[in-house]
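Tertiary structure, described
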Amino acid sequence: MNYTLYQLLWFYLLYSFIGWAIGTSVAAVREHRFIDVGFLFGPYCPAYGFGAVAFAVFLPELRNHLFFLFLGGVILSSVITFSTGFVLEKIFHRKWWDYSRKRFQFGGYVNLPYTVVWGISAVVCISFINPSLKELLVLIPSNPGTILLIVLYAVLCLDLAGTIMAIKAVHSRLRRLSIIEGVSENLQKAADMMGEGLTGWVQKHMAKAYPSLEAKELLAARQEKERQLEAAKERAGVFAVGCSFYKLVCLFFLGAFLGDITETIFCLATTGKLMSRSSVVYGPFSIVWGLGCVLLTAILYQYRNRSDSYIFIFGTVLGGAYEYICSVFTELVFGTVFWDYSDVPFNLGGRINLLYCFFWGIAAVIWLKILYPRLSALIEKIPKKAGVPITWLMILFMVFNMIMSGLALNRYTERHSNISSAENAVTRFLDKHFTDERMEHIYPNAILVDD
(Lines give C-alpha, C1' and ligand atoms only; values in the text may rest on other atoms or scores of the structure.)
Protein backbone atom coordinates (compact mmCIF):
# COMPACT_ATOMS: atom_id res chain seq x y z
CA MET A 1 0.00 0.00 0.00
CA ASN A 2 1.36 3.43 -0.93
CA TYR A 3 -0.21 5.27 2.01
CA THR A 4 0.01 4.98 5.78
CA LEU A 5 -2.99 4.78 8.11
CA TYR A 6 -2.27 8.37 9.21
CA GLN A 7 -2.49 9.59 5.61
CA LEU A 8 -5.65 7.57 4.91
CA LEU A 9 -7.38 9.08 7.95
CA TRP A 10 -6.60 12.54 6.63
CA PHE A 11 -7.74 11.56 3.13
CA TYR A 12 -11.09 10.48 4.56
CA LEU A 13 -11.69 13.83 6.28
CA LEU A 14 -10.45 15.97 3.41
CA TYR A 15 -12.41 14.16 0.71
CA SER A 16 -15.52 14.06 2.88
CA PHE A 17 -15.41 17.84 3.08
CA ILE A 18 -14.58 18.26 -0.62
CA GLY A 19 -17.47 15.96 -1.51
CA TRP A 20 -19.83 17.98 0.67
CA ALA A 21 -18.69 21.23 -0.99
CA ILE A 22 -19.17 19.80 -4.49
CA GLY A 23 -22.56 18.30 -3.62
CA THR A 24 -23.73 21.56 -2.10
CA SER A 25 -22.60 23.42 -5.21
CA VAL A 26 -24.52 21.07 -7.50
CA ALA A 27 -27.63 21.36 -5.30
CA ALA A 28 -27.34 25.15 -5.40
CA VAL A 29 -27.27 25.07 -9.19
CA ARG A 30 -30.33 22.83 -9.32
CA GLU A 31 -32.52 24.41 -6.65
CA HIS A 32 -31.32 28.04 -6.67
CA ARG A 33 -30.88 27.90 -2.89
CA PHE A 34 -28.69 26.33 -0.22
CA ILE A 35 -29.41 22.65 0.47
CA ASP A 36 -27.28 20.71 2.92
CA VAL A 37 -26.58 17.50 1.02
CA GLY A 38 -24.69 15.89 3.88
CA PHE A 39 -26.08 13.04 5.94
CA LEU A 40 -24.49 14.41 9.12
CA PHE A 41 -24.88 17.84 10.74
CA GLY A 42 -21.35 18.93 9.88
CA PRO A 43 -19.93 19.95 6.49
CA TYR A 44 -18.88 16.55 5.23
CA CYS A 45 -20.25 13.58 3.27
CA PRO A 46 -18.82 10.28 4.59
CA ALA A 47 -19.54 8.39 1.35
CA TYR A 48 -17.03 10.54 -0.52
CA GLY A 49 -14.44 9.89 2.18
CA PHE A 50 -14.99 6.13 2.01
CA GLY A 51 -14.73 6.26 -1.76
CA ALA A 52 -11.46 8.18 -1.70
CA VAL A 53 -9.93 5.84 0.88
CA ALA A 54 -11.04 2.80 -1.15
CA PHE A 55 -9.37 4.32 -4.22
CA ALA A 56 -6.16 4.95 -2.26
CA VAL A 57 -6.06 1.41 -0.86
CA PHE A 58 -7.07 -0.69 -3.87
CA LEU A 59 -6.20 1.29 -7.00
CA PRO A 60 -2.60 2.66 -6.77
CA GLU A 61 -1.24 -0.39 -8.60
CA LEU A 62 -3.34 0.61 -11.61
CA ARG A 63 -1.77 4.07 -11.91
CA ASN A 64 -0.11 3.13 -15.19
CA HIS A 65 -3.23 1.43 -16.56
CA LEU A 66 -5.60 4.37 -16.98
CA PHE A 67 -8.49 2.39 -18.45
CA PHE A 68 -8.45 -0.16 -15.61
CA LEU A 69 -7.95 2.65 -13.11
CA PHE A 70 -11.06 4.36 -14.50
CA LEU A 71 -12.98 1.07 -14.51
CA GLY A 72 -11.88 0.34 -10.95
CA GLY A 73 -13.15 3.73 -9.85
CA VAL A 74 -16.50 3.09 -11.52
CA ILE A 75 -16.90 -0.32 -9.90
CA LEU A 76 -15.71 0.66 -6.43
CA SER A 77 -17.89 3.78 -6.39
CA SER A 78 -20.90 1.78 -7.55
CA VAL A 79 -20.43 -0.78 -4.79
CA ILE A 80 -19.93 1.90 -2.13
CA THR A 81 -22.89 3.97 -3.32
CA PHE A 82 -25.16 0.93 -3.56
CA SER A 83 -24.07 -0.40 -0.14
CA THR A 84 -24.43 2.99 1.54
CA GLY A 85 -27.89 3.61 0.11
CA PHE A 86 -29.03 0.08 0.92
CA VAL A 87 -27.78 0.20 4.53
CA LEU A 88 -29.23 3.66 5.19
CA GLU A 89 -32.60 2.58 3.84
CA LYS A 90 -32.61 -0.55 6.02
CA ILE A 91 -31.68 1.43 9.13
CA PHE A 92 -33.89 4.50 8.68
CA HIS A 93 -36.62 3.06 6.40
CA ARG A 94 -36.27 5.79 3.84
CA LYS A 95 -34.24 6.42 0.71
CA TRP A 96 -31.70 9.22 0.93
CA TRP A 97 -31.42 9.37 -2.86
CA ASP A 98 -33.38 7.68 -5.61
CA TYR A 99 -32.48 7.33 -9.29
CA SER A 100 -35.32 4.92 -10.05
CA ARG A 101 -36.87 7.25 -12.64
CA LYS A 102 -33.61 7.96 -14.43
CA ARG A 103 -32.16 6.04 -17.33
CA PHE A 104 -29.10 3.84 -16.81
CA GLN A 105 -29.73 3.41 -13.11
CA PHE A 106 -29.20 0.37 -10.91
CA GLY A 107 -31.49 -0.40 -8.01
CA GLY A 108 -32.35 3.27 -7.61
CA TYR A 109 -29.05 3.79 -5.78
CA VAL A 110 -26.55 3.98 -8.66
CA ASN A 111 -26.74 6.20 -11.74
CA LEU A 112 -24.39 5.65 -14.71
CA PRO A 113 -23.46 9.34 -15.36
CA TYR A 114 -22.39 9.73 -11.73
CA THR A 115 -20.34 6.53 -11.78
CA VAL A 116 -18.52 7.82 -14.87
CA VAL A 117 -17.68 10.97 -12.91
CA TRP A 118 -16.45 8.76 -10.07
CA GLY A 119 -14.26 6.84 -12.51
CA ILE A 120 -12.71 10.05 -13.79
CA SER A 121 -12.28 11.19 -10.19
CA ALA A 122 -10.37 7.99 -9.40
CA VAL A 123 -7.93 8.72 -12.22
CA VAL A 124 -7.47 12.32 -11.08
CA CYS A 125 -7.12 11.39 -7.40
CA ILE A 126 -4.62 8.56 -7.88
CA SER A 127 -2.57 10.33 -10.54
CA PHE A 128 -2.53 13.92 -9.28
CA ILE A 129 -4.38 14.86 -6.07
CA ASN A 130 -3.26 12.10 -3.68
CA PRO A 131 0.49 12.54 -4.38
CA SER A 132 0.08 16.29 -3.73
CA LEU A 133 -1.88 15.69 -0.53
CA LYS A 134 0.78 13.23 0.58
CA GLU A 135 3.45 15.91 0.18
CA LEU A 136 1.32 18.50 2.00
CA LEU A 137 0.72 16.18 4.97
CA VAL A 138 4.48 15.86 5.42
CA LEU A 139 4.52 19.57 6.25
CA ILE A 140 2.25 19.02 9.27
CA PRO A 141 4.29 18.04 12.38
CA SER A 142 3.48 14.49 13.41
CA ASN A 143 2.32 15.10 17.00
CA PRO A 144 0.08 18.12 16.33
CA GLY A 145 -1.31 16.35 13.27
CA THR A 146 -2.18 13.25 15.31
CA ILE A 147 -3.82 15.33 18.05
CA LEU A 148 -5.84 17.25 15.46
CA LEU A 149 -6.96 13.97 13.88
CA ILE A 150 -8.15 12.65 17.26
CA VAL A 151 -10.13 15.83 17.92
CA LEU A 152 -11.72 15.84 14.45
CA TYR A 153 -12.72 12.18 14.65
CA ALA A 154 -14.11 12.68 18.16
CA VAL A 155 -16.29 15.48 16.78
CA LEU A 156 -17.26 13.24 13.86
CA CYS A 157 -18.34 10.46 16.24
CA LEU A 158 -20.43 12.89 18.29
CA ASP A 159 -21.96 14.20 15.09
CA LEU A 160 -22.81 10.69 13.97
CA ALA A 161 -24.38 9.86 17.33
CA GLY A 162 -26.40 13.08 17.29
CA THR A 163 -27.56 12.50 13.73
CA ILE A 164 -28.72 8.94 14.36
CA MET A 165 -30.51 9.91 17.54
CA ALA A 166 -32.15 12.87 15.89
CA ILE A 167 -33.49 10.74 13.06
CA LYS A 168 -34.60 7.92 15.33
CA ALA A 169 -36.24 10.15 17.91
CA VAL A 170 -37.35 12.86 15.47
CA HIS A 171 -35.48 15.40 17.57
CA SER A 172 -37.76 14.81 20.56
CA ARG A 173 -35.22 13.23 22.89
CA LEU A 174 -31.99 14.70 21.61
CA ARG A 175 -32.12 17.61 24.04
CA ARG A 176 -31.54 15.28 26.96
CA LEU A 177 -27.97 14.81 25.80
CA SER A 178 -26.65 18.35 26.03
CA ILE A 179 -23.10 17.60 24.86
CA ILE A 180 -24.16 15.87 21.68
CA GLU A 181 -26.87 18.44 21.11
CA GLY A 182 -24.44 21.34 21.43
CA VAL A 183 -21.92 19.78 19.08
CA SER A 184 -24.61 18.91 16.54
CA GLU A 185 -26.20 22.38 16.61
CA ASN A 186 -22.84 24.13 16.24
CA LEU A 187 -21.84 21.83 13.39
CA GLN A 188 -25.15 22.45 11.66
CA LYS A 189 -24.76 26.22 12.03
CA ALA A 190 -21.23 26.06 10.65
CA ALA A 191 -22.38 23.91 7.74
CA ASP A 192 -25.28 26.27 7.04
CA MET A 193 -23.05 29.33 7.04
CA MET A 194 -20.49 27.67 4.78
CA GLY A 195 -23.18 26.22 2.55
CA GLU A 196 -25.06 29.49 2.14
CA GLY A 197 -21.85 31.27 1.22
CA LEU A 198 -20.94 28.52 -1.21
CA THR A 199 -24.43 28.62 -2.72
CA GLY A 200 -24.22 32.34 -3.27
CA TRP A 201 -20.86 32.01 -4.97
CA VAL A 202 -22.10 29.23 -7.23
CA GLN A 203 -25.24 31.11 -8.25
CA LYS A 204 -23.19 34.13 -9.18
CA HIS A 205 -20.97 32.09 -11.45
CA MET A 206 -23.61 29.85 -13.06
CA ALA A 207 -26.08 31.17 -15.60
CA LYS A 208 -28.23 28.12 -16.01
CA ALA A 209 -29.55 25.60 -13.53
CA TYR A 210 -30.32 21.95 -13.90
CA PRO A 211 -34.02 21.02 -13.76
CA SER A 212 -35.18 20.22 -10.25
CA LEU A 213 -36.02 16.69 -9.27
CA GLU A 214 -39.74 15.96 -9.42
CA ALA A 215 -41.10 15.28 -5.93
CA LYS A 216 -43.97 13.23 -7.36
CA GLU A 217 -41.56 10.85 -9.04
CA LEU A 218 -39.61 10.34 -5.83
CA LEU A 219 -42.82 9.79 -3.90
CA ALA A 220 -44.07 7.23 -6.42
CA ALA A 221 -40.80 5.32 -6.24
CA ARG A 222 -40.89 5.36 -2.44
CA GLN A 223 -44.49 4.14 -2.37
CA GLU A 224 -43.61 1.30 -4.71
CA LYS A 225 -40.78 0.29 -2.40
CA GLU A 226 -43.10 0.42 0.59
CA ARG A 227 -45.60 -1.83 -1.18
CA GLN A 228 -42.86 -4.35 -1.82
CA LEU A 229 -41.87 -4.28 1.84
CA GLU A 230 -45.47 -4.76 2.90
CA ALA A 231 -45.80 -7.75 0.58
CA ALA A 232 -42.69 -9.29 2.16
CA LYS A 233 -44.09 -8.73 5.65
CA GLU A 234 -47.24 -10.63 4.71
CA ARG A 235 -45.06 -13.66 4.07
CA ALA A 236 -43.12 -13.19 7.32
CA GLY A 237 -44.17 -16.62 8.50
CA VAL A 238 -41.79 -18.15 5.95
CA PHE A 239 -38.11 -18.44 6.89
CA ALA A 240 -35.69 -16.25 4.91
CA VAL A 241 -38.22 -14.57 2.59
CA GLY A 242 -36.84 -12.94 -0.55
CA CYS A 243 -33.33 -11.49 -0.46
CA SER A 244 -33.30 -11.24 3.34
CA PHE A 245 -30.46 -11.38 5.85
CA TYR A 246 -31.06 -15.03 6.72
CA LYS A 247 -31.30 -15.98 3.05
CA LEU A 248 -27.95 -14.30 2.29
CA VAL A 249 -26.24 -16.00 5.26
CA CYS A 250 -27.44 -19.41 4.09
CA LEU A 251 -26.34 -18.64 0.54
CA PHE A 252 -22.92 -17.59 1.84
CA PHE A 253 -22.33 -21.00 3.39
CA LEU A 254 -23.70 -22.85 0.38
CA GLY A 255 -21.65 -20.72 -2.03
CA ALA A 256 -18.49 -21.10 0.07
CA PHE A 257 -18.89 -24.90 0.15
CA LEU A 258 -19.84 -25.32 -3.51
CA GLY A 259 -17.08 -22.93 -4.61
CA ASP A 260 -14.46 -24.89 -2.69
CA ILE A 261 -15.64 -28.20 -4.18
CA THR A 262 -15.79 -26.72 -7.69
CA GLU A 263 -12.26 -25.31 -7.50
CA THR A 264 -10.93 -28.59 -6.08
CA ILE A 265 -12.44 -30.57 -8.97
CA PHE A 266 -11.19 -28.01 -11.51
CA CYS A 267 -7.62 -28.18 -10.15
CA LEU A 268 -7.76 -31.98 -10.14
CA ALA A 269 -8.93 -32.03 -13.76
CA THR A 270 -6.38 -29.47 -15.01
CA THR A 271 -3.29 -30.29 -12.92
CA GLY A 272 -3.92 -33.86 -11.85
CA LYS A 273 -3.36 -32.83 -8.22
CA LEU A 274 -5.87 -32.98 -5.41
CA MET A 275 -5.25 -29.84 -3.38
CA SER A 276 -7.12 -27.79 -0.81
CA ARG A 277 -8.88 -24.65 -2.04
CA SER A 278 -10.27 -23.66 1.35
CA SER A 279 -9.92 -20.17 2.80
CA VAL A 280 -10.24 -21.28 6.42
CA VAL A 281 -8.62 -23.89 8.63
CA TYR A 282 -11.83 -25.71 9.54
CA GLY A 283 -13.96 -27.13 6.78
CA PRO A 284 -14.09 -26.89 2.96
CA PHE A 285 -15.21 -23.28 2.67
CA SER A 286 -13.96 -20.70 0.18
CA ILE A 287 -14.73 -17.26 1.63
CA VAL A 288 -14.15 -15.61 -1.74
CA TRP A 289 -16.86 -17.72 -3.37
CA GLY A 290 -19.24 -17.33 -0.42
CA LEU A 291 -18.98 -13.55 -0.40
CA GLY A 292 -19.16 -13.57 -4.20
CA CYS A 293 -22.49 -15.42 -4.09
CA VAL A 294 -23.83 -12.97 -1.53
CA LEU A 295 -22.63 -9.99 -3.58
CA LEU A 296 -24.09 -11.30 -6.84
CA THR A 297 -27.39 -12.18 -5.18
CA ALA A 298 -27.79 -8.91 -3.31
CA ILE A 299 -26.93 -6.74 -6.31
CA LEU A 300 -28.54 -8.74 -9.12
CA TYR A 301 -31.56 -10.08 -7.21
CA GLN A 302 -33.97 -7.62 -8.78
CA TYR A 303 -32.48 -8.28 -12.23
CA ARG A 304 -32.41 -12.08 -11.95
CA ASN A 305 -34.98 -12.36 -14.76
CA ARG A 306 -32.86 -10.40 -17.22
CA SER A 307 -31.13 -12.07 -20.17
CA ASP A 308 -28.20 -14.44 -19.75
CA SER A 309 -25.90 -12.08 -21.67
CA TYR A 310 -26.76 -9.19 -19.34
CA ILE A 311 -25.96 -11.27 -16.25
CA PHE A 312 -22.81 -12.71 -17.89
CA ILE A 313 -21.37 -9.27 -18.68
CA PHE A 314 -22.24 -7.94 -15.25
CA GLY A 315 -20.82 -11.04 -13.53
CA THR A 316 -17.61 -10.86 -15.57
CA VAL A 317 -16.92 -7.24 -14.62
CA LEU A 318 -18.09 -7.49 -11.02
CA GLY A 319 -16.35 -10.83 -10.44
CA GLY A 320 -13.05 -9.57 -11.82
CA ALA A 321 -13.18 -6.43 -9.67
CA TYR A 322 -14.17 -8.47 -6.63
CA GLU A 323 -11.30 -10.94 -7.08
CA TYR A 324 -8.83 -8.06 -7.56
CA ILE A 325 -10.00 -6.37 -4.34
CA CYS A 326 -9.80 -9.66 -2.42
CA SER A 327 -6.23 -10.18 -3.65
CA VAL A 328 -5.15 -6.72 -2.50
CA PHE A 329 -6.97 -7.09 0.81
CA THR A 330 -5.44 -10.46 1.73
CA GLU A 331 -1.97 -9.21 0.83
CA LEU A 332 -2.38 -6.11 3.00
CA VAL A 333 -3.90 -7.95 5.97
CA PHE A 334 -2.06 -11.30 5.95
CA GLY A 335 1.06 -10.45 3.97
CA THR A 336 0.23 -13.41 1.75
CA VAL A 337 -0.79 -13.81 -1.89
CA PHE A 338 -3.19 -16.75 -2.23
CA TRP A 339 -3.21 -16.79 -6.04
CA ASP A 340 -0.92 -15.44 -8.75
CA TYR A 341 -1.85 -15.31 -12.44
CA SER A 342 1.35 -13.67 -13.63
CA ASP A 343 2.02 -16.56 -16.01
CA VAL A 344 -1.53 -16.56 -17.42
CA PRO A 345 -2.18 -14.47 -20.57
CA PHE A 346 -4.22 -11.29 -20.26
CA ASN A 347 -3.62 -10.86 -16.51
CA LEU A 348 -3.69 -7.64 -14.52
CA GLY A 349 -0.89 -7.44 -11.97
CA GLY A 350 -1.12 -11.19 -11.50
CA ARG A 351 -4.29 -10.66 -9.45
CA ILE A 352 -6.91 -11.40 -12.10
CA ASN A 353 -6.95 -12.70 -15.66
CA LEU A 354 -9.47 -12.52 -18.48
CA LEU A 355 -10.22 -16.26 -18.55
CA TYR A 356 -11.18 -16.39 -14.87
CA CYS A 357 -13.21 -13.20 -15.25
CA PHE A 358 -15.22 -15.07 -17.89
CA PHE A 359 -15.59 -17.90 -15.37
CA TRP A 360 -17.12 -15.39 -12.96
CA GLY A 361 -19.58 -14.36 -15.67
CA ILE A 362 -20.53 -17.97 -16.38
CA ALA A 363 -20.83 -18.63 -12.65
CA ALA A 364 -23.16 -15.63 -12.31
CA VAL A 365 -25.49 -17.01 -14.98
CA ILE A 366 -25.48 -20.53 -13.53
CA TRP A 367 -26.00 -19.18 -10.03
CA LEU A 368 -28.91 -16.83 -10.75
CA LYS A 369 -30.65 -18.90 -13.43
CA ILE A 370 -30.20 -22.44 -12.15
CA LEU A 371 -28.82 -22.77 -8.62
CA TYR A 372 -30.33 -19.79 -6.81
CA PRO A 373 -34.02 -20.53 -7.51
CA ARG A 374 -33.65 -24.13 -6.30
CA LEU A 375 -31.51 -23.30 -3.27
CA SER A 376 -33.78 -20.41 -2.34
CA ALA A 377 -36.84 -22.66 -2.40
CA LEU A 378 -35.06 -25.24 -0.23
CA ILE A 379 -33.96 -22.61 2.29
CA GLU A 380 -37.49 -21.22 2.60
CA LYS A 381 -38.77 -24.71 3.47
CA ILE A 382 -36.72 -24.69 6.69
CA PRO A 383 -39.00 -24.09 9.70
CA LYS A 384 -38.48 -20.58 11.01
CA LYS A 385 -38.08 -21.72 14.62
CA ALA A 386 -35.17 -23.93 13.61
CA GLY A 387 -33.77 -21.74 10.82
CA VAL A 388 -33.07 -18.64 12.91
CA PRO A 389 -30.96 -20.28 15.67
CA ILE A 390 -29.17 -22.53 13.17
CA THR A 391 -28.23 -19.46 11.10
CA TRP A 392 -26.76 -17.69 14.11
CA LEU A 393 -24.83 -20.81 15.13
CA MET A 394 -23.36 -20.95 11.62
CA ILE A 395 -22.40 -17.28 11.87
CA LEU A 396 -20.64 -17.84 15.21
CA PHE A 397 -18.84 -20.88 13.79
CA MET A 398 -17.59 -18.97 10.75
CA VAL A 399 -16.51 -15.95 12.83
CA PHE A 400 -14.50 -18.30 15.08
CA ASN A 401 -13.17 -20.11 12.00
CA MET A 402 -12.01 -16.88 10.37
CA ILE A 403 -10.39 -15.62 13.57
CA MET A 404 -8.47 -18.88 14.01
CA SER A 405 -7.47 -18.82 10.33
CA GLY A 406 -6.17 -15.27 10.65
CA LEU A 407 -4.16 -16.13 13.78
CA ALA A 408 -2.75 -19.27 12.19
CA LEU A 409 -1.76 -17.41 9.01
CA ASN A 410 -0.16 -14.62 11.00
CA ARG A 411 1.82 -17.10 13.06
CA TYR A 412 2.83 -18.98 9.91
CA THR A 413 4.09 -15.71 8.42
CA GLU A 414 6.04 -14.91 11.60
CA ARG A 415 7.77 -18.28 11.56
CA HIS A 416 8.84 -17.91 7.94
CA SER A 417 9.84 -14.26 8.31
CA ASN A 418 11.93 -14.95 11.43
CA ILE A 419 9.85 -12.49 13.42
CA SER A 420 10.30 -13.06 17.14
CA SER A 421 7.11 -13.32 19.12
CA ALA A 422 6.50 -13.57 22.83
CA GLU A 423 6.15 -17.15 24.04
CA ASN A 424 2.64 -17.60 25.42
CA ALA A 425 -0.26 -20.04 25.43
CA VAL A 426 -1.62 -18.75 22.11
CA THR A 427 1.62 -19.05 20.15
CA ARG A 428 2.27 -22.48 21.64
CA PHE A 429 -1.21 -23.62 20.64
CA LEU A 430 -0.80 -22.27 17.11
CA ASP A 431 2.65 -23.83 16.69
CA LYS A 432 1.37 -27.19 17.89
CA HIS A 433 -1.92 -27.40 15.98
CA PHE A 434 -1.10 -25.35 12.86
CA THR A 435 2.35 -26.49 11.83
CA ASP A 436 3.99 -25.45 8.58
CA GLU A 437 3.02 -28.76 7.01
CA ARG A 438 -0.65 -28.32 7.89
CA MET A 439 -0.73 -24.69 6.72
CA GLU A 440 0.94 -25.58 3.43
CA HIS A 441 -1.61 -28.37 2.97
CA ILE A 442 -4.54 -25.97 3.57
CA TYR A 443 -3.01 -23.14 1.51
CA PRO A 444 -0.81 -24.86 -1.10
CA ASN A 445 -0.63 -21.79 -3.37
CA ALA A 446 0.06 -19.21 -0.67
CA ILE A 447 3.04 -16.94 -1.34
CA LEU A 448 4.54 -14.87 1.47
CA VAL A 449 5.12 -11.22 0.52
CA ASP A 450 8.11 -9.33 1.83
CA ASP A 451 7.38 -5.89 3.31
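Residues numbered from 1 in each chain as written. Predicted model: local features only at pLDDT ≥ 70, side-chain atom pairs only at ≥ 80, totals over all residues. Heavy atoms only, no water.

Considerations on the packing of aromatic side chains
Going by this rule: Any two of the Phe, Tyr and Trp rings considered here, Trp counted by its six-membered ring, make a pair once their centres fall within 6.5 Å; the pair's planes then place it as stacked at under 30 degrees, edge-to-face at over 60, or tilted in between. Runs of E in the DSSP output that reach at least two residues are strands. Runs of H or I that reach at least four are helices, and both are numbered from the N terminus. In this scheme, a residue with accessible area under 20% of its type's maximum is buried, one over 50% is exposed, and one in between is partly exposed, where area comes from a 1.4 Å probe on protein chains only. Counting as a charge over the ring demands two things of the Lys NZ or Arg CZ atom: a distance within 6 Å of the ring centre and an angle within 35 degrees of the ring normal.
Per the stated rule, a full pass over the model turns up 24 aromatic pairs. For the ring pair Y12 and Y153, a centre distance of 6.2 Å and an interplane angle of 25 degrees mean the geometry is stacked. Here Y153 lies in helix α5 (residues 142-169) and Y12 lies in helix α1 (residues 5-31), a separation of 141 residues in the sequence. On the accessibility criterion, Y12 (12% relative accessible area) is buried. Aromatic ring contacts, followed pair by pair, group F239, F245, Y246 and W392 into a single cluster. The ring of Y310 has R306 sitting right over it, with the charged end atom 4.1 Å from the ring centre. Positioned above the aromatic ring of Y324 is the side chain of R351, whose terminal nitrogen or guanidinium carbon lies 5.9 Å from the ring centre.

Section: the side chain of D260
Short version of the rule: Counting rule for charge: Lys and Arg are taken as positive, Asp and Glu as negative, and neither His nor the chain ends is counted. When a carboxyl oxygen of Asp or Glu is within 4 Å of a side-chain nitrogen of Lys or Arg, the pair counts as a salt bridge.
As for its position among the elements, D260 is in helix α8 (residues 245-271). No salt bridge is formed by the buried D260. Its closest oppositely charged neighbour is R277, at 6.9 Å.

With respect to the packing of α8 against helix α11 (residues 354-380)
Heads up, the condition is: Simply put, an axis is a line fit to the C-alpha atoms, just over the touching stretch for a helix, and the angle between two N-to-C directions goes from 0 to 180 degrees. Roughly parallel means an angle under 35 degrees; roughly antiparallel means over 145; roughly perpendicular covers 65 to 115; every other angle is labelled oblique. Each helix crossing is assigned a hand: it is left-handed if the near helix lies turned anticlockwise from the far helix by less than a right angle, otherwise right-handed if that turn is clockwise. Any two residues whose heavy atoms approach within 4.5 Å at even a single point are treated as in contact. Note on residue classes: Ala, Val, Leu, Ile, Met, Phe, Trp, Tyr, Cys and Pro are nonpolar, Asp, Glu, Lys and Arg are charged, and everything else, Gly too, is polar.
Relative orientation of the contacting elements α8 and α11 amounts to 130 degrees, with a least axis distance of 11 Å. By the angle between their directions, the pair α8 and α11 is classed as oblique. Where α8 crosses over α11, the handedness of that crossing is right-handed. Note on element contacts: α11 touches α8 through Y356, F359, W367, Y372, L375, S376, I379 and E380, opposite K247, C250, L251, L254, L258 and F266. Among the residues making up the contact of α8 with α11, the classes are represented as 11 nonpolar, 1 polar and 2 charged.

Notes on the nonpolar core
Applied cut-off: Here, nonpolar core refers to any group of buried Ala, Val, Leu, Ile, Met, Phe, Trp, Tyr and Cys residues whose side-chain atoms link them within 4.5 Å.
Membership of the largest hydrophobic core comes to 35 residues, with the highest contact counts inside it found for F11, F55, L59 and L156. Contributing elements (two or more residues each) for this core: α1, α2 (46-58), α3 (66-92), α4 (112-138), α5 and α10 (308-334). Here the element with the most residues in this core is α4; it accounts for 7 residues. Here F11 is in contact with Y3, S16, A56, N130, L133 and L137, once residues within four sequence places are set aside.

Looking at the packing of α2 against α4
Contact pair α2 / α4: the axes reach a minimum separation of 10 Å and the direction vectors enclose 60 degrees. Handedness of the crossing formed by α2 with α4: right-handed. Seen from α2, the contacting residues are A47, Y48, G51, F55 and A56; seen from α4, they are W118, A122, I126 and N130. Of the residues belonging to the contact of α2 with α4, the class tally is 7 nonpolar, 2 polar and no charged.

Observations regarding the confidence of the model for the protein
Worth spelling out the cut-off: One confidence number per residue, pLDDT, is output by the predictor and ranges from 0 to 100.
With 78% of its residues at a pLDDT of at least 70, the protein reaches an overall mean of 79. When mean pLDDT is compared element by element in the protein, helix α12 (residues 384-417) scores highest at 90, while helix α7 (residues 215-234) scores lowest at 53. A low-confidence stretch, residues 171-176 stays under pLDDT 50, and its non-local contacts, those more than four residues away or across chains, total 7 contacts. A low-confidence stretch, residues 205-216 (pLDDT under 50), is modelled with 12 contacts involving residues beyond four sequence positions or located in other chains.

Thoughts on α11
Along an α-helix, a turn takes 3.6 residues, which lines up residues three or four apart on a common side. What counts here: Helix span is expected to be 1.5 Å times the residue number reduced by one. One axis is fitted to the seven residues ending at the residue and one to the seven starting there. The bend at that residue is the angle between these axes. Residues adjacent in sequence count toward polar contacts only when both atoms are side-chain atoms; beyond that, a polar contact is any pair of N or O atoms within 3.5 Å, and within protein one must be able to donate a hydrogen and the other to accept it.
Over its 27 residues, α11 extends 36 Å from the first C-alpha to the last, a length consistent with the 39 Å expected when each residue adds 1.5 Å. Residue L371 marks the point of greatest curvature in α11, where the axis turns by about 50 degrees; the proline P373 follows within four residues. Where α11 is concerned, the buried positions are C357, W360, G361, A364, V365, W367, L368, Y372, L375, S376 and I379. The N-cap residue of α11 is N353: its side-chain oxygen and the backbone nitrogen of L355 are 3.1 Å apart.

Points about the environment of F50
Relative to the assigned elements, F50 resides in helix α2. In this structure, the C-alpha to C-alpha distance between F50 and Y12, residues 38 residues apart in sequence, is 6.4 Å. The contacts of F50, once residues within four sequence positions are left out, are Y12 and I80.

Describing α12
Taking 1.5 Å of rise per residue, 34 residues should cover 50 Å, and α12 covers 49 Å from first to last C-alpha, within 8% of that figure. In the stretch just after α12, N418 is the one whose phi turns positive, near 55 degrees.

What about the pattern of salt bridges?
Under the defined criterion, the tally for this structure stands at 8 salt bridges. Here R351 ties to E61 by a salt bridge, and the two come within 2.6 Å at their closest N and O atoms. Of this pair, R351 sits in the loop between β4 (347-348) and β5 (352-353) while E61 sits in the loop between α2 and α3, placing them 290 residues apart in sequence. Judged by its relative accessible area of 45%, E61 falls in the partly exposed class. D436 serves as the salt-bridge partner of R415, at 2.9 Å between the closest nitrogen and oxygen. Residue R415 is located in helix α12, and its partner D436 is located in helix α14 (residues 436-442); the two are separated by 21 residues in the primary sequence. Overall, D436 belongs to the partly exposed group, its relative accessible area being 24%.

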